[in-house]
Amino acid sequence: MAKTMMAAVVRAFGEPLTIEEVPIPRPAPGEVLVKVVASGVCHTDVHAADGDWPVKPKLPFVPGHEAAGIVAAVGAGVSRLKEGDPVGVAWLHDACGACEYCITGWETLCEAQHNTGYSVDGAFAEFVIGSAAHVVRLPDRPDFAAMAPMLCAGVTTYKGIKETETKPGQWLAISGIGGLGHLAVQFAKWMGLHVAALDVTEDRLALARSLGADMTVNAKAPDAARQVLEQTGGGAHGVLVTAVSPVAFAQAVRMARRKGTVSLVGLPPGEFPMPIFDVVLKRITVRGSIVGTRADVAEAIAFAAEGKVRAHVQAARLDEINRVLSDLRAGKVEGRIVLDVA
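In short, a report on the structure. Keep in mind it's a predicted model, so treat the numbers as computed, not measured.

**Description of the sheet that holds strand β15 (residues 285-288)**
Read from one edge to the other, the open sheet built from 6 strands follows the order β12-β11-β10-β13-β14-β15, with strand pairing classed as parallel. Strands with a single pairing partner mark the edges of an open sheet, and in this sheet they are β12 (215-218) and β15. The sheet shows a mean angle of 20° between the axes of neighbouring strands, direction not considered. Judged from the 4 bridges that link them, strand β10 (residues 171-175) and strand β13 (residues 236-241) form a sheet pairing that is parallel. By the bridge assignment for β13, Leu172 is matched with Gly238.

**Here we look at helix α6 (residues 224-231)**
Residues of α6 that are buried include every one of Ala224, Ala225 and Val228, and no others. Viewed end-on, α6 has its buried residues packed into an arc of 105°, placing them on one side of the element. Residues of α6 that are buried make contact with β11 (194-199), β12, β13 and α7 (246-255). Of the residues one or two after α6, Gly233 is the one with positive phi, at around 75°.

**Observations concerning the nonpolar core**
Of all hydrophobic cores here, the largest spans 47 residues; its most connected members are Leu17, Val32, Val41, Phe124, Ile321, Leu325 and Leu339. Looking at this core, the elements that each hand over two or more residues are β1 (4-9), β3 (31-41), α1 (43-50), β4 (66-74), β5 (86-89), β8 (127-131), α10 (321-329) and β17 (336-340). Looking at this core element by element, the count peaks at 5 residues for β3. Not counting residues up to four positions away in its chain, the partners in contact with Val32 are Pro27, Val71, Ala73, Val74, Val78, Leu81, Val128, Ile129, Gly130, Ala132 and Val135. Membership of the second largest hydrophobic core comes to 41 residues, among which are Leu138, Val185, Leu193 and Phe303.

**Thoughts on the state of the cysteines**
One pass over the structure, following the stated rule, counts 0 disulfides. Free cysteine: Cys42, not disulfide-bonded; nearest cysteine sulfur from Cys152 at 3.9 Å.

**Topic: the pairing of β3**
Burial analysis of β3 places 9 of its 11 residues in the buried class, which makes it a mostly covered element. Across 5 bridges, β3 lies against β8 in antiparallel orientation. Directly across from Val34, in β8, lies its bridge partner Val128. Across 8 bridges, the pairing between β3 and β4 is antiparallel. From the neighbouring strand, Val34 faces β4, where its bridge partner is Val71. The pairing of β3 with β17 spans 4 bridges and is antiparallel. Opposite Ser39, over in β17, you have Leu339 as the bridge partner.

**What about the packing of aromatic side chains?**
Any pair of aromatic rings gets described here by the distance separating the centres and the angle formed by the planes. Under the definition given, this model contains 6 aromatic pairs. When the ring of Trp53 is compared with that of Tyr118, the centres are 5.9 Å apart and the planes differ by 35°; the resulting orientation is tilted. Of this pair, Trp53 sits in the loop between α1 and β4 while Tyr118 sits in the loop between β7 (114-115) and β8, and the two are 65 residues apart along the sequence. For Trp53, a relative accessible area of 22% corresponds to the partly exposed category. The exposure class assigned to Tyr118 is buried, which follows from its relative accessible area of 9%. Arranged with centres 5.2 Å apart and planes meeting at 80°, the rings of Phe187 and Phe303 form a pair that is edge-to-face. Here Phe187, found in helix α4 (residues 181-190), pairs with Phe303, found in helix α9 (residues 294-305); they are 116 residues apart in sequence, far enough to count as distant. For the pair Phe187 and Phe303, one class covers both residues: buried. Taken together through their ring pairs, the aromatic side chains of Trp53, Trp91 and Tyr118 make up a single cluster.

What counts, and where the lines are drawn
- Residues numbered from 1 in each chain as written.
- Predicted model: local features only at pLDDT ≥ 70, side-chain atom pairs only at ≥ 80, totals over all residues.
- Heavy atoms only, no water.
- Pairing = 2+ DSSP bridges.
- Helix = DSSP H or I, 4+ residues; strand = E, 2+ residues; numbered from the N terminus.
- Axes fitted to C-alpha atoms, helices over the stretch in contact; angles between N-to-C directions.
- Buried < 20%, exposed > 50% of the residue type's maximum accessible area, 1.4 Å probe, protein only.
- Arc of directions from axis to C-beta.
- Contact = heavy atoms within 4.5 Å.
- Core = buried A, V, L, I, M, F, W, Y, C linked by side-chain atoms within 4.5 Å.
- Disulfide = S-S within 2.5 Å.
- Phe/Tyr/Trp six-rings, centres within 6.5 Å; stacked < 30°, edge-to-face > 60°.

Shown next as structure tokens:
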């Protein structure tokens with residue numbers, strides 16, 4: 001195997017990434033080295049590269065946390081994986097395994113976790129290191145480009161829907177039919193839910209209808225929430241907010257049915273007003289949802305492997321990463337961008 005690889009590196013926040021030749025990392029005990037075939041690009045990668053969040057990555061670093069590829073080498077003590085296995089490396093690189101969250105199946109809340117492409121180098125590269133206990137096994141002979149978005153966008157929306165606790169036959173309102181929302185519509189329909197889709201563009205509403213949404217509403221309409229309340233017979237049992245807009249967050253609470261649950265996935269800056277009277281008297285639950293556990297990732301992958309959920313993918317090369325990130329910042333991306341690293 002060669003000793004070096006090409007990678008897209010962040011050397012300064014807010015500056016273009018540099019395409020560099022860097023050493024191929026070696027897997028430590030309990031780790032695997034994955035040859036990246038396809039690497040999804042997420043809006044979180046923009047936040048990482050721009051240093052937007054309070055806890056920033058340590059410079060320099062390689063972003064990317066939707067890696068689909070093949071095990072190229074295994075570290076000492078690894079037995080569940082072998083060279084040649086198709087795998088995915090997701091946002092949750094590893095967790096401590098012993099805290100109250102890890103032992104109760106909530107490793108995504110572990111305070112000692114490491115995150116791929118943020119606190120450890122990620123998948124905008126020809127090779128990436130994964131924790132053997134946390135990489136997900138992909139189906140044999142997978143469509144790597146289709147699987148990559150499931151490792152973040154897919155599992156994030158799937159988990160977000162589960163957090164609404166909606167049951168088959170009930171209504172789920174999905175706010176934002178972009179890279180996350182168009183997957184949420186597909187998951188929801190296969191989960192037996194009625195879907196009300198909201199977005200601010202007619203193109204995305206048309207996409208939602210083509211994916212099976214039972215009703216669509218332009219979120220910019222002054223009576224958008226009222227339309228959902230009326231057409232669902234009292235409001236949505238669950239509301240999933242993928243839109244990166246504080247306005248959408250406030251609107252979501254108004255769309256919820258009595259005893260409904262609002263699940264927040266998007267991460268817009270700032271705050272949003274909470275109507276205390278409605279939340280209390282209608283017994284509305286508002287909760288955040290952060291990616292998903294290893295079990296959630298496996299379930300999301302299973303939907304994709306069976307052809308039930310598929311991201312609308314646009315391909316790009318690794319050396320086009322700066323254009324891709326610029327398009328994400330400008331809101332020009334429909335569906336998901338996947339880097340064809342192979």
